[in-house]
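Next come the chains, spelled out residue by residue.
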Amino acid sequence: MRFWNSRSPHGAQRNTGNESRISLRFIRATCLVLVLGSQPALAADDLAVDVINASAPTLCAETDNVTLNLVSPAVRRFTVEAAHPAYIATITNDRAAPDFSHCDFAAAALAPAPARRITIFETEDWQLVGHKLPSFWRNSAVTVRVGDRVETGIHLLQLWTRFEERAEEVLVLYPPDGYWRARPLPPSHMRWSAYGSSFLIGPIENEGRPFVDVRDVSFDPETRSFRLGFARGGAATVRLRTLDQERIVLDVGLDPVGAERPFAALRSMFVSETDADVAQVGWRAKGSEAWQRAPVMEFKRASAVDLWAGRTALSRHNVSAPDMSFRDFSAR
C-alpha cells in the first residue's frame, strides 16, 4: 500500500487554532517536575561538557536568536532527544503558523518559490526525500548518497515513516548548513505535532549565523543512520535509535572537533515565556543528584552531563514543539 503524499516541506504545517486555554498557572506549577524528573539517571563516569549561552534578544518570533553551544575536545559520543513537552496532554488546539510581526523579512518569507522534490529512497515504511530550493543562504555543494543513488544540490532532506496509515515526517537535515530538526510521532489525541528547535552536530563555524560545513551525506536504510563528512575533516554518524509517540532519540558518534569550536549547538527562538520555542534551560552537573534551572536569557554557562531546553508554560508559537535534551556524553 502506498501511503506517501506530497505535503510541503517541514514548517508549512496547517494552523488548527489558538493555543489551549487550560490554566497556565497549573501548568507552570507542575511541568518542571514532570520534565526534569523524567530524565534518566546517568553513570558516574559520564563526561561533562561546557554549555555556553550565545543568545541575543529579539522581537521577531521567526529568528533563531537562542544559541546554546556545547564545547568539549574529548566528546566522541552523545545522545540527542526530542520529547513532547510535559503539557502535551493538555493541548486541545495546536498552533504552528509563522508570526512575522516585528520581522523585517516578512514579505519574502510569506511568498516562497516552489521547491523541486526528489524521492531518494523509498520502502513501504520509510522514505527519504530531498528538496532543491530556489534560494538558500549557502550554496549546496553537498553530495547525498543512498547505496548507489547519488544526488547533488539538495538543500533539505526529510525522513518520513509510516504510522497509523499516515506519512509522518520525523527528522530533517539541511545539508548546506548542517541544521537538524526532529520530532516524535504525534500523541494519540493529536493528528500532528509541530517542529521547534534546531540543532547542529560537528565543527561549528559562524558566518553571520552558526553553521556546520558538510561535505557529503550518506544514509544507510538498514540502520537508519546518516553519516556526515565535514569540509574541515572528520565525520559524524547520527542514528535513529528510538521513535514513538513520546520521543525520538538519536545516537551520535563523531570525531573530536577540538576545544576551539563547539561540537554541537541548540538553535531556537525566544521572545517571551509565552512566545518561544525554548524558554527554560535545565542542567545537571557531574556527580550531582539535583537539577538546576534558569530562564534561557538569564542562563550564562554551566558544566553539565545532562542538558534540557524547553518550556513549562504554553506558548502561542509552535505550541506542541518538543523539548530538547543532550546527554550521555562519552570520550569512548
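What you are looking at is a predicted structure, and each value in this text was computed from that prediction instead of being measured.

A.B. asks: Would you explain the side chain of Ser197 in this entry?
C.D. replies: As for its placement among the helices and strands, Ser197 is situated in the loop between strand 10 (179-182) and strand 11 (198-201). Not counting residues within four places of it along the chain, the set of residues in contact with Ser197 comprises Trp180, Arg181, Leu266, Arg267, Ser268, Asp277, Val278 and Met324.

A.B. asks: Looking at this model, I keep getting lost on the side chain of Gln158. Mind explaining?
C.D. replies: Turning to its location among the elements, Gln158 is positioned in strand 8 (residues 156-163). Given a relative accessible area of 0%, Gln158 falls into the buried group. A polar side-chain atom of Gln158 sits 3.3 Å from a polar atom in the side chain of Trp160. At 3.2 Å, the side chain of Gln158 and the side chain of Glu169 are in polar contact.

A.B. asks: For this particular structure, what's the right way to read empty space enclosed by the protein?
C.D. replies: Any space left empty among the atoms is revealed by the rolling of a water-sized probe across them. Throughout the structure, instances matching the rule amount to 1 cavity of 30 Å³ or more. Its volume calculated, the largest cavity comes out at about 40 Å³. Every residue along the wall of the largest cavity is listed here: Arg95, Ala97, Asp99, Asp275, Arg316 and His317. Per-class residue counts for the lining of the largest cavity are 1 nonpolar, 1 polar and 4 charged.

A.B. asks: How should the sheet that holds strand 2 (residues 66-71) be read in this particular structure?
C.D. replies: Ordered by their spatial adjacency, 10 strands build an open sheet running 4-5-8-9-10-11-18-2-1-23, and the pairing between neighbours is antiparallel. Each of the sheet's edge strands pairs with one partner strand only, and the pair in question is strand 4 (116-122) and strand 23 (301-304). When the angles between neighbouring strand axes are averaged without regard to direction, this sheet yields 25 degrees. Pairing of strand 1 (residues 49-53) with strand 23, which is carried by 4 bridges, proceeds in the antiparallel orientation. Within strand 23, the residue paired with Ile52 across the bridge is Arg301.

Definitions and cut-offs
Residues numbered from 1 in each chain as written. Predicted model: local features only at pLDDT ≥ 70, side-chain atom pairs only at ≥ 80, totals over all residues. Heavy atoms only, no water. Helix = DSSP H or I, 4+ residues; strand = E, 2+ residues; numbered from the N terminus. Contact = heavy atoms within 4.5 Å. Buried < 20%, exposed > 50% of the residue type's maximum accessible area, 1.4 Å probe, protein only. Polar contact = N/O pair within 3.5 Å; in protein donor to acceptor, adjacent residues only side chain to side chain. 1 Å grid on protein atoms, 1.4 Å probe; cavity = no way out; pocket = protein on both sides within 12 Å on 5 of 7 lines; lining within 4 Å. Points joined across faces, edges and corners; volume = space filled by probe spheres on them. Nonpolar A, V, L, I, M, F, W, Y, C, P; charged D, E, K, R; others polar. Pairing = 2+ DSSP bridges. Axes fitted to C-alpha atoms, helices over the stretch in contact; angles between N-to-C directions.

Geometric descriptors of this kind do not, in isolation, establish any biological role.
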